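What follows is each chain in one-letter form.
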Amino acid sequence: LGIPMRTRHREVAPNQYECAPLFGLATTQIDQNLLFCQIGEEVSARHGLAFLEQEKPFAGINGSGKHNNWSLATADGVQLFKPSAINAACNNETAFTVIMAAMIAAVDEHGDLMRMAISSPGNDFRLGACEAPPAIVSTYLGDDMTSYLEAFKDGKTGEYNPGLKTLDLGTSSVMPFNVPAEDRNRTSPFPYGGQRFEFRAVGSSQNVSLVNTVLNALTAKKFAEISEGVEAGKDAVAVAQEMLKKHFKVIYNGNGYDPAWPAEADKLGITHIDSGVEAIDKFVAEKNVKMFEDLKVFDAAECAARRTILLDLYVGTIEMEVGCMIDMINQHAIPSAKAAGIDAAGMSAGVVKLEAALKEMHAAADEYEAAKLARVLRLDTMIDVRKVVDDVEAICPADKWTLATYKELLFVDVGKFA
């Protein structure tokens, strides 16, 4: 179907796979990504398999996501995030630096929108572990670029020349070659990877069109601010230096999994929103609506409509999951326990708790309140009830347990378990 894939490899979890397409125009890539997901579902079903796109389908095992590699280029192909290319095209050794200043300012000022764009029920389980960055929106630039930008911020201008290192694969068929000295930080949500930024926190079930709309919009806003400054008589370098002084705090080159980082980020005033529901609500924050309106991307009503849709999706997903959980307990777990002579009272009480929480969610005043209740139901109540069921499963004879076990679900390709 004309979808070019560079790699297809197994990932860290059992039966988890990753595909990496070749780069292309964002609109084309988004369509091809959606088509690939549809093909995966249809072809898997034909072979008696299931193609799982959920971010965390199995507790205690790494989840999955999408890495949105994003860059900008001129109409004739000059890469804006490639220092040598954009500086040569502009005949200006500070062009790339001005662009990077705009990006840093954009991430700091509109980190809440970036967090909103990656909000889904599954990502509330995944962010902060499982090959995913935390729900703190910072950017990683590496020591070389950070030092360079710090000097630029303080008045020392000049061209950025990134360091290189030689990579030797140890095979005669591939000669040693040079690569950037600093690899991207895998614990950062938005690291610079040389010629591109990589938004690593997107959920695997998500349509990345909103993600890229947000990235393009917040970048356009900062580019416009620099342009307005220049037209008002300011020097572009001076505008960029002002931006860096104000927003430099959003650069974080450390370990995103460090337990001390969330408190430090809060102290610095960096966007930190653990709840996907609260992040979705940022769609209608005054500054964000104004940005979309100024850029003629969305008006206020369109922002509100999209917020409602995202909240309804959150609620609807959890409604289906809790309904499924209740059926599994009633139709499988409780009968299995009774057949084995195991007390099922704890599981019956769990069903009552789930049904009460579902009823409360349905009675909520609006979609925002319903979504907040749904998040508590999924991240607290359902997990507590699941623990009760797991304890029963652990002592129930295998021939009495009618649900698929982790062994059967995750290791079907290594032979039948006795």
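Residues numbered from 1 in each chain as written. Predicted model: local features only at pLDDT ≥ 70, side-chain atom pairs only at ≥ 80, totals over all residues. Heavy atoms only, no water.

A. Examining empty space enclosed by the protein more closely. What the rule picks out here adds up to 1 cavity of 30 Å³ or more. Roughly 30 Å³ of internal volume is contained in the largest cavity. Considering the residues around the largest cavity, the lining is formed by Pro 134, Ile 136, Ser 138, Thr 187, Ser 188, Pro 189, Tyr 252, Gly 254, Gly 256 and Trp 261. Residues belonging to the lining of the largest cavity are distributed by class as follows: 5 nonpolar, 5 polar and no charged. (1 Å grid on protein atoms, 1.4 Å probe; cavity = no way out; pocket = protein on both sides within 12 Å on 5 of 7 lines; lining within 4 Å. Points joined across faces, edges and corners; volume = space filled by probe spheres on them. Nonpolar A, V, L, I, M, F, W, Y, C, P; charged D, E, K, R; others polar.)

B. Expanded view of helix α12 (residues 300-339). Between its first and last C-alpha, α12 extends 58 Å over 40 residues, near the 58 Å set by a 1.5 Å rise per residue. For α12, the N-terminal capping position is held by Asp 299, with its side-chain oxygen 3.1 Å away from the main-chain nitrogen of Ala 301. Phi for Gly 341, located one or two positions after α12, is positive at around 75°. (Helix = DSSP H or I, 4+ residues; strand = E, 2+ residues; numbered from the N terminus. Expected span 1.5 Å × (residues − 1). Polar contact = N/O pair within 3.5 Å; in protein donor to acceptor, adjacent residues only side chain to side chain.)

C. Examining the layout of surface pockets more closely. Considering only enclosed or pocket space, the second largest pocket measures out at about 1,800 Å³ in volume. Lining the second largest pocket are 50 residues, with Gln 54, Lys 56, Pro 57, Glu 321 and Arg 378 positioned closest to its centre. Breaking the lining of the second largest pocket down by element, the ones donating at least two residues are α5 (121-126), α7 (209-231), α12, α14 (367-395) and α15 (406-410). For the lining of the second largest pocket, the element with the highest residue contribution is α12, accounting for 12 residues. Taken together, the residues that form the lining of the second largest pocket break down as 28 nonpolar, 12 polar and 10 charged.

D. The pairing of strand β2 (residues 17-21), seen in detail. Note: strand β1 (residues 5-10) against β2, 5 bridges, orientation antiparallel. Paired with Arg 10 across the strands is Tyr 17, a residue of β2. Once β1 ends, the chain turns through 6 residues before running back antiparallel as β2, passing Asn 15 with a positive phi of about 60°. (Pairing = 2+ DSSP bridges.)

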